[in-house]
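Residues per chain are reported as follows:
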Amino acid sequence: MKSKTFAFLLVMVLCLSMTAPVALAAEAGSENTEPVETVTADESAPDLPKVYSGASISSNVRTTYTEATRPSRECVINSVVDNPDYGNEFNFLTITNATTGEAWRAGTMELVAGEQYLVEIYCRNDGTDTGMNGYNDITACVKMPFELGAGKAADFSAVIKTGSEQVNTAISVVARTGVSVQYVADTAQLKRSGSRSISRSLEYEKLFSGGVSLAAGYRVKAGDVCIVSFAIQIVADDSVPVADANFDYNTLSPAGTGFTTVTTTEAGGENVANEPAADDVVSGAEEAETGDAFGSNKEANVSALVVAVAVVVSLVVGCCVGVAVATKKQKSS
């Protein structure tokens, strides 16, 4: 009995003596290991919108051209930024004060009660090959506020559609008092120049809903220009409540906004792929630090594996030695 007890104590002493250094080494290694942040399910699950399964319509997605780089074998609309007869075609909506002659193609303008304004939508097929078929299905429509409360800024926009594509532009409008924005009867008309010279009246109901045809029975070919125009009257309306009494009218855009022609050096003729943002670019030093971090983690994992193997070997060796000693003692007794 005494020999068995002695053998058991000897095994325990051997195990402790062999595993203690290993445990201390593992503890020292754990001090250099950075804690791992645990991401909960709530933090990792992003908020996502509902998915619309219908077809998509591209909007304002088109190549930018200059007058010198207009395409020869392609039909595009309002894509030239230095049209010598118009300017920047991307701003194809113009609102002009009929009294003062001041006009805007972008920015924020004031609609003054009692004044009348001329609205024009410009469209050109910027292709250069007149032998191409051009556009047969091309429409233009207007989306404007029918009333404005004081301080209420709203978009006055125009949309041109060609089959599955569409382009749009807008001018922000605001009033100092409650007003009604009214269409002036029998002023909507279409004027075309180029392959066909056309001048005709338009149905304003279509202009403010599904859109009016710019083809007017004839294809809009390369170089053809279509202009839709109509007038609006701004009528004071006290029944329209104040929308924003604190609106800062000093932020209004000056007349002529949007008329500036983009220089040819600013228009490269093709869309340019987005460059990575400054925050997305990893410098050489950051890359080196990242590599060191990965190397340190790898070394830590290897060390942990060595420690685990050493513990197992120590236990096995200790048990074997203890059994051998106990057997020898038993035989000798």
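Not measured: the values here are computed from a predicted model. (Residues numbered from 1 in each chain as written. Predicted model: local features only at pLDDT ≥ 70, side-chain atom pairs only at ≥ 80, totals over all residues. Heavy atoms only, no water.)

Q: Looking at this model, I keep getting lost on the packing of aromatic side chains. Mind explaining?
A: Each aromatic ring pair is summarised here by two numbers: the centre-to-centre distance and the angle between the ring planes. For the coordinates displayed, the defined rule picks out 7 aromatic pairs. Each ring, one from Tyr86 and one from Tyr122, has its centre 4.1 Å from the other, and the planes form 15°; the classification is stacked. A residue pair is termed long-range when its members are at least 10 positions apart, and Tyr86 in the loop between strand S1 (58-59) and strand S2 (93-97) and Tyr122 in strand S5 (residues 116-124) qualify at 36 residues. An identical accessibility class is assigned to Tyr86 and Tyr122; each is buried. Judged by centre distance (6.3 Å) and plane angle (50°), the ring pair of Tyr183 and Phe230 falls under tilted. Of this pair, Tyr183 sits in strand S10 (residues 179-183) while Phe230 is found in strand S14 (residues 225-236), placing the two residues 47 residues apart along the sequence. (Phe/Tyr/Trp six-rings, centres within 6.5 Å; stacked < 30°, edge-to-face > 60°. Helix = DSSP H or I, 4+ residues; strand = E, 2+ residues; numbered from the N terminus. Buried < 20%, exposed > 50% of the residue type's maximum accessible area, 1.4 Å probe, protein only.)

Q: Would you take a moment to explain the pairing of S5 for this structure?
A: Within a regular strand, the side chains alternate between the two sheet faces. In the sheet, S2 pairs with S5 via 5 bridges, with the strands oriented antiparallel. When the bridges of S5 are listed, Thr96 appears paired with Leu118. The sheet contact formed by S5 and S14 spans 9 bridges and is antiparallel. Looking at the pairing, Arg124 lines up with Val225 of S14. (Pairing = 2+ DSSP bridges.)

Q: Is there a simple way to explain the pattern of salt bridges in this structure?
A: Two side chains carrying opposite charge are able to pair once their charged atoms lie near each other. Evaluated as defined, the whole model comprises 8 salt bridges. Ionic pairing is found between Arg192 and Asp224, a salt bridge with its closest N-O pair at 3.0 Å. Pair noted here: Arg192 is in strand S11 (residues 189-193) and Asp224 is in the loop between strand S13 (212-213) and S14, with a separation of 32 residues, a long-range link. A residue is classified by how much of its surface remains accessible, and Arg192, at 4% relative accessible area, is buried. In this structure Asp224 comes out as buried when scored by relative accessible area, which is 1%. Residue Glu203 is joined to Lys206 by a salt bridge in which the shortest nitrogen-to-oxygen separation is 3.7 Å. Of the residues examined, Glu203 reaches a relative accessible area of 47% and is grouped as partly exposed. For Lys206, a relative accessible area of 42% puts it in the partly exposed group. Connected through shared salt-bridge partners, Glu67, Arg70, Glu89, Arg124 and Asp126 make up one network. (Salt bridge = Lys/Arg side-chain N within 4 Å of Asp/Glu carboxyl O.)

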